[in-house]
Amino acid sequence: MNPITPGKDKLGFIGIGYMGRPIAQRLLQAGFQLTAYDRDSSKARELIQYGGAVAGSICELSSGCDVLLTCLPNDEAVMSVFNGADDAFASAQRGALFIDMSTVYPETSRRLAQLGAKSGVDVLDVTMSGSIPVAEQGALVLFGGGDRARFDAAESIFRAIARKHFYVGPSGSGATMKLVVNSLLGIGMQAIAEAVALGEKAGLDRNRLLDVLSQTAVVAPAHVGKLQRLMNNDYSPQFPLRLMNKDFGLILKLAAAVGAQMPAARAALEVNAAQVTRGNEQDFSAVILQMEKQAHLNAAGDEPIRIAAGQ
């Protein structure tokens, strides 16, 4: 199977959001021809300055590319692209490759692969670990499910956006691996929030506590940067709280389907959901505010808390 190369293969990209934008930008910087589509056309147009083009519809985009990548917020958005009125499969070239990078339920990924096969299109579920800054650096870690030969043929794409990429099994495996990883991410952040609230309640200085924690071996690398931002009361979204909330729902749905017990994930979801109700777009690290609230702490004092407007 011929490898995908920047000089030969045209890429399409749907979903220029928090993660989609830096990923698409990295692909353009690597020399790929890339055309983008987003329901908010202004987001797609942001890529023009990096050499990208903009499609007016999903069908237009799908018909003109060899590889179509999607990075969308949930299962419903993904299925609307591939099984909706503007069907990407219907207009795709036979032999094209579709790579869905969205965090979705594994059965959704398997369904996409089945639909793609009917149109002569191979579909990979290639999920990612990493936040916006990591994506900007091209340092994501990728988990791929689907046909191994097509995964290997797309290596040039993965090298442009990730520091490591792993093939983990048949269709749905990439989606499953992402839920496993995000269970650790979300539960780990909840554990940190509880530990910080405990330390504060016992009289430790908040910023000193966060600083020391960030330098210990017990805090995962993915959480270290969060502690530094917490010291500045910065909860602007790198990985939005609402998406972590959605992922917890998928994690617990999968756990119920396979008979796995996840009491810590269930408890973390409750705190996460309570903080989501604030209505503003916050990073998932904002669960610490919920734990401080429950402990009757006023950690932020008079300092402004940085968040984004609700979307």
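(A) Molecular detail of the overall build of the protein. What the protein contains, in helices and strands, is 14 helices and 8 strands. Based on the C-alpha atoms only, the size of the protein along its principal axes is roughly 65 × 45 × 35 Å. When each of the 311 residues of the protein is scored for burial, the buried share is 51%. Within the protein, contacts between residues at least 6 apart in sequence are counted, and of these 68% link residues at least 24 apart. Of the roughly 13800 Å² of accessible surface on the protein, 52% is carried by carbon and sulfur atoms. Taking the average location of the 29 positive side-chain charges in the protein and that of its 30 negative ones, the two points are 2 Å from each other.

(B) Structural view of the packing of aromatic side chains. Enumeration according to the criterion identifies 6 aromatic pairs in this entry. Ring centres 5.6 Å apart and planes at 45° place the aromatic pair F82 and F98 in the tilted group. Taken together, the residues span a long stretch of sequence, with F82 in helix α4 (residues 75-82) and F98 in strand β5 (residues 97-100) at a distance of 16 residues. Exposure remark for F82: the relative accessible area of 2% places this residue in the buried category. Judged by relative accessible area, which is 1%, F98 ranks as buried.

(C) Quick peek at helix α5 (residues 106-118). For α5, spanning 13 residues, the distance from its first C-alpha to its last is 19 Å, which sits close to the expected 18 Å at 1.5 Å a residue. Considered for burial, the residues of α5 that qualify are P106, T108, S109, L112, A113, L115 and G116. Looking at the packing, one finds that the buried side of α5 touches α4, β5, β6 (122-129), α9 (173-201) and α12 (241-258). Taken from the residues just after α5, G120 is the one with a positive phi, measuring 75°.

(D) Representation of the pattern of salt bridges in the model. Summed over all chains, the structure comprises 13 salt bridges. We note a salt bridge from E136 to R21, for which the minimum N-O separation is 3.1 Å. Taken together, the positions of E136 in helix α6 (residues 132-136) and R21 in helix α1 (residues 20-29) put the pair 115 residues apart, joining distant regions of the chain. Its relative accessible area of 42% is what places E136 among the partly exposed residues. On the basis of relative accessible area, R21 is assigned to the partly exposed category, the value being 22%. E155 is the salt-bridge partner of R159, the closest N and O atoms lying 3.7 Å from each other. In this pair, R159 and E155 both sit in helix α8 (residues 155-161), 4 residues apart, roughly one turn of the helix. According to the relative accessible area criterion, R159 is exposed, its value standing at 52%.

(E) View of the confidence of the model for the protein. Within the protein, residue pLDDT values average 94, and 95% of them lie at 70 or more. Every residue in residues 300-304 is under pLDDT 50, and counting partners more than four places away or in other chains gives 4 contacts.

(F) Focus on the sheet that holds β5. Reading across from one edge, β3-β2-β1-β4-β5-β6-β7-β8 is the order of the 8 strands in this open sheet, with mixed pairing throughout. Every interior strand has two partners, whereas the edge strands, β3 (53-54) and β8 (162-169), have only one. Of the strand pairs in this sheet, β6 and strand β7 (residues 140-145) are connected by 5 bridges, and their pairing is antiparallel. When the sheet's bridge partners are listed, T127 is paired in β7 with F143.

(G) Quick look at the nonpolar core. Counting residues in each nonpolar core, the largest one holds 34 residues, and the members touching the most others are I23, L27, I99 and I157. Those residues in contact with I99 that sit more than four places away from it in its chain are V67, L68, L69, T70, L124, V126, A154, I157 and F158. Core analysis: the second largest hydrophobic core is formed by 33 residues, M189, L210, I251 and V287 among them.

(H) Spotlight on the state of the cysteines. Enumeration according to the criterion identifies 0 disulfides in this entry. The thiol sulfur of C65 is not disulfide-bonded, and the nearest other cysteine sulfur, from C59, lies at 11 Å. Taking the relative accessible area as the measure of exposure, C65 reaches 2% and is therefore buried. Take C71: it sits in no disulfide, and the sulfur closest to it among the cysteines is that of C65, at 16 Å.

(I) Helix α10 (residues 206-214), seen in detail. All of the buried residues in α10 are R206, L209, L210, D211, L213 and S214. For α10, the secondary structure elements touched by its buried residues are α9, α11 (221-231) and α14 (287-294). Here α10 starts with a cap whose side-chain oxygen sits 3.4 Å from the backbone nitrogen of N207, and that cap is D205.

(J) The arrangement of the packing of α4 against α5 in detail. One way to put it is that α4 packs onto α5 with a least axis distance of 11 Å and a crossing angle of 5°. It follows that α4 is roughly parallel to α5 by the angle criterion. Residues D75, V78, M79 and F82 of α4 lie in contact with α5, whose contacting residues are T108, R111, L112 and L115.

The rules we used
Residues numbered from 1 in each chain as written. Predicted model: local features only at pLDDT ≥ 70, side-chain atom pairs only at ≥ 80, totals over all residues. Heavy atoms only, no water. Helix = DSSP H or I, 4+ residues; strand = E, 2+ residues; numbered from the N terminus. Buried < 20%, exposed > 50% of the residue type's maximum accessible area, 1.4 Å probe, protein only. Contact = heavy atoms within 4.5 Å. Areas by Shrake-Rupley, 256 points an atom, 1.4 Å probe, with all protein chains shown as cover. Lys, Arg positive; Asp, Glu negative; His and termini not counted. Charge placed at Lys NZ, Arg CZ, Asp CG, Glu CD. Phe/Tyr/Trp six-rings, centres within 6.5 Å; stacked < 30°, edge-to-face > 60°. Expected span 1.5 Å × (residues − 1). Salt bridge = Lys/Arg side-chain N within 4 Å of Asp/Glu carboxyl O. pLDDT = per-residue confidence, 0-100. Pairing = 2+ DSSP bridges. Core = buried A, V, L, I, M, F, W, Y, C linked by side-chain atoms within 4.5 Å. Disulfide = S-S within 2.5 Å. Polar contact = N/O pair within 3.5 Å; in protein donor to acceptor, adjacent residues only side chain to side chain. Axes fitted to C-alpha atoms, helices over the stretch in contact; angles between N-to-C directions. Parallel < 35°, antiparallel > 145°, perpendicular 65-115°, else oblique.

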